[in-house]
Amino acid sequence: MFDELTDSECAECGGVTQPQRMSLDEWWGDALFLFENVPVRACRDCGEVYVSSEVAKQLETEMRTKSHCTRRVSIPVVAYEEMAA
Ligand SMILES: [Zn+2]
């Protein structure tokens, strides 16, 4: 899930990636974490998002410790079979 980024070229399409901040959601076991305003690089062309290994490490540490969690949200969970039934 976390892709290394060595330069500003998109590994998917060869396009240009630019720094920006966005929300990322990550599963950690049964828990889903939502990280807001994460510094990433995103491809202008295909939208692929790249997270530096440094940032990825910070996210992982937070998922282990939950030491900076500011609030919780509840999310709807829907099984497709239920809709199709
Ligand atoms: Zn791209």
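Residues numbered from 1 in each chain as written. Predicted model: local features only at pLDDT ≥ 70, side-chain atom pairs only at ≥ 80, totals over all residues.

Caption draft 1: Region of interest: the environment of Asn-37. Among the structural elements, Asn-37 can be located in strand E2 (residues 31–43). Along the backbone, Asn-37 and Gln-20 are 17 residues apart, and their C-alpha atoms lie at a distance of 8.5 Å. (Helix = DSSP H or I, 4+ residues; strand = E, 2+ residues; numbered from the N terminus.)

Caption draft 2: A look at the environment of Ser-23. Structurally, Ser-23 can be placed in strand E1 (residues 17–28). With 10 C-beta atoms counted inside 10 Å, the residue Ser-23 sits in the exposed group. Distance from Ser-23 to Leu-34, taken between C-alpha atoms, is 6.8 Å for residues 11 residues apart in sequence. The residues touching Ser-23, leaving out its near neighbours within four places in the chain, are Leu-34, Phe-35 and Glu-36. (Buried ≥ 20, exposed ≤ 12 C-beta atoms within 10 Å, placed from the backbone. Contact = placed C-beta atoms within 7 Å.)

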